[in-house]
Amino acid sequence: MPDFNKLSEILMTVKAIQYVMLALLLISAVVLPKQLAEQGSKESSGAQVTAEAKDGAGGATGNGAGQGAGSEVGQVTGNGTGQAMGNGADLQEGCGGSQSSGSETSQTPGVGQGQVVETGDGKGTIVLDPGHGGDDPGMIGGSGINEKVLNLVYAKKLAKLLGDAGYRVVMTRTTEDGLYDADASHKKAQDMQRRVAVIAQEQPLLTVSIHQNSYQDPSVCGPQVFYYENSGEGEKLAKEIQDSLNTGLAVARPRVQKGNATYYILKRSESTTVIVECGFLSNPEEEAKLQQEDYQDQVAQAVFEGIVRYLGDTSGKDVGA
Ligand SMILES: [Zn+2]
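Here the structure is a predicted model, which is why all the values come from computation and not from measurement.

*Asks:* Mind laying out the overall build of the protein, listing which residues take part and the relevant values?
*Replies:* From N to C terminus, the protein includes 10 helices and seven strands. Taken across its 321 residues, the protein has 47% of its residues classed as buried. In the protein, the proportion of contacts linking residues at least 24 apart, taken out of those at least 6 apart, comes to 80%.

If you want it as C-alpha cells, here you go:
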C-alpha cells in the first residue's frame, strides 16, 4: 500500500511537471514572438535609435523610437516565422535581382558645413543631410560598405536632380568627414547639433536626412521614410517620398511612412524634415543593389519626385526622367 501511494505521488508529480511544461510551451509560443518582434523593431530603427540617441543632446527615449518602426518590421517578422518559405520568397522578390557589380563611391576633398552645392534659380532652398560621417560609419554591410559612404552618394545624386530643377541645395556635409571638431569631447553630440544648426540657419523649404537601414533578419528589405510624429507637413512629405519610392523601385512589399518622436534630427529641426532610409545593408541583395549606380539613380529620382510632388512643383516632374 505505501508503495502504491508513493507511485501515485510520483505519477501526480509527473503530471504536474507535464502541465508546467505545457504552460511554458504556451507562454513561449505566445509571448516570445511578440518579444522578438518588439526587439526586432528596436533593431530595425537601430540606425537612428543608437546614432541619434547616443548623441546625448536629444534626451531620446529609445523605446518610443523602437515602437515607431515596430509594427512594420514586427509584421514582417511575424509572417516570416509563420510561413517561412512563402513570405521569405516574397521578401526576396522585393529585394532581388542582384547583379553584384558595386559602383565606385567618390570622395570630394575638403571639409564643409552647410555647403551650397546647387545655387538653383530662386525656387527656394532644400537641405540634404547625409547621415553619419568621420568616426561614425553608421551601419556596416556584410561587404564592408559603410553607411556614411552611401548616404553621401545618394545625397549628391539627389542634390543634382534638385539643382537641375531650380532648387538651391545645401548639404550638411560633402565629404567623408563628420561635422564635429577633431578635439571635441562629445563628437556625436556636436555633429548632430551642427546639422540642426545648418537647418536653422538655412530655413529651407524642407530637409531630407539620408540613411541606410539594418535589421537582424537579413530577409527584411526595402526603403522607408520617417517623419516627426507631431508634424503634419512632415507626414505629407514622408508619404509622397514613400509612395514614390514604392512605385519607382517597384517594391514588392511596400512599407508606409512612419512617425517618430525621438530621432534628434526630426525633433530639433526647424523645418519640415524627413529621414529616408534607402534600404537595408543587412540584406545582402539589397546591400549589393544599394551600391549599384543605376539603382542609386532610381532611388534618387524617386525621392526627388516625391519632394517636387509635395512642393506642388509640376515643372519638376519631367526633370531627370
Ligand atoms: Zn543612419
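From this point on, the discussion continues.
*Asks:* Go over unusual backbone geometry with me, naming the residues and quoting the values.
*Replies:* One non-glycine residue, Gln203, lies in the positive phi region at around 45°. Of note in this structure, Ala250 is not a glycine but carries a positive phi near 50°. For Ala250, the location among the structural elements is in the loop between α7 (232-248) and β6 (258-260).

*Asks:* Report on the nonpolar core, specifying residues and quantitative values.
*Replies:* Leu128, Leu158, Val274 and Val303 are the most contacted members of the largest nonpolar core, which has 58 residues in total. Here Val303 is in contact with Leu158, Val208, Ile241, Ser244, Leu245 and Val276, once residues within four sequence places are set aside.

*Asks:* Any chance you could break down helix α10 (residues 293-310) for me, citing the residues and the numbers?
*Replies:* Helix length check: α10, at 18 residues, gives a terminal C-alpha distance of 26 Å against a target of 26 Å (1.5 Å per residue), a fit within 8%. Burial analysis of α10 places 13 of its 18 residues in the buried class, the great majority of the element. Where α10 ends, the next residue or the one after it, Gly312, has phi of about 70°, a positive value.

*Asks:* Report on the environment of Thr172, specifying residues and quantitative values.
*Replies:* By the element assignment, Thr172 lies in the loop between β3 (168-171) and α6 (187-202). Taking the number of C-beta atoms within 10 Å as the measure of exposure, Thr172 has 28 and is therefore buried. C-alpha separation for the pair Thr172 and Arg195, spaced 23 residues apart in sequence, amounts to 5.9 Å.

*Asks:* An account of the pairing of strand β4 (residues 206-213) is needed here, citing residue identities and associated values.
*Replies:* Two faces make up the sheet, and in a regular strand the side chains alternate between them. Most of β4 is tucked away: eight of the eight residues are buried. Alternating residues of β4 divide into Leu206, Val208, Ile210 and Gln212 and Thr207, Ser209, His211 and Asn213, and every residue in both groups is buried. Relative to strand β7 (residues 273-280), β4 runs parallel, the two being bridged by six bridges. When the sheet's bridge partners are listed, Ser209 is paired in β7 with Ile275.

*Asks:* Lay out the packing of α7 against α10 with the relevant residues and their values.
*Replies:* Where α7 contacts α10, the two axes come as close as 8 Å, and the packing angle between them is 140°. Put simply, α7 runs oblique to α10. In this structure, the crossing between α7 and α10 has a hand that is right-handed. Contacts from Lys236, Leu237, Glu240, Ile241, Asp243, Ser244, Leu245 and Gly248 of α7 reach α10 at Gln298, Gln301, Ala302, Val303, Glu305, Gly306, Ile307, Arg309 and Tyr310. For the contact of α7 with α10, the class distribution of residues is seven nonpolar, five polar and five charged.

*Asks:* Residue-level account of the sheet that holds strand β1 (residues 115-118), with values.
*Replies:* Pairing is mixed in the open sheet, where seven strands are placed in the order β1-β3-β2-β4-β7-β5-β6. Edge positions in the sheet fall to β1 and β6, since each has one partner strand and no second. Averaged over all adjacent pairs, the angle separating strand axes in this sheet is 30°, with direction ignored. In this sheet, β6 lies alongside strand β5 (residues 224-228) in parallel orientation, the contact comprising three bridges. Looking at the pairing, Phe226 lines up with Lys258 of β6. Taken strand by strand, helix α5 (residues 147-164) contacts β1, β2 (125-130), β3, β4 and β7, and its axis lies near 145° from that of β4. Relative to β2, α6 is tilted by about 175°, and along the sheet it contacts β2, β3 and β4.

Parameters and conventions
- Residues numbered from 1 in each chain as written.
- Predicted model: local features only at pLDDT ≥ 70, side-chain atom pairs only at ≥ 80, totals over all residues.
- Helix = DSSP H or I, 4+ residues; strand = E, 2+ residues; numbered from the N terminus.
- Buried ≥ 20, exposed ≤ 12 C-beta atoms within 10 Å, placed from the backbone.
- Contact = placed C-beta atoms within 7 Å.
- Core = buried A, V, L, I, M, F, W, Y, C linked by C-beta atoms within 7 Å.
- Expected span 1.5 Å × (residues − 1).
- Pairing = 2+ DSSP bridges.
- Axes fitted to C-alpha atoms, helices over the stretch in contact; angles between N-to-C directions.
- Parallel < 35°, antiparallel > 145°, perpendicular 65-115°, else oblique.
- Left-handed = near helix turned anticlockwise from the far one by under 90°.
- Nonpolar A, V, L, I, M, F, W, Y, C, P; charged D, E, K, R; others polar.

As far as function goes, none of this settles anything; it's purely spatial.
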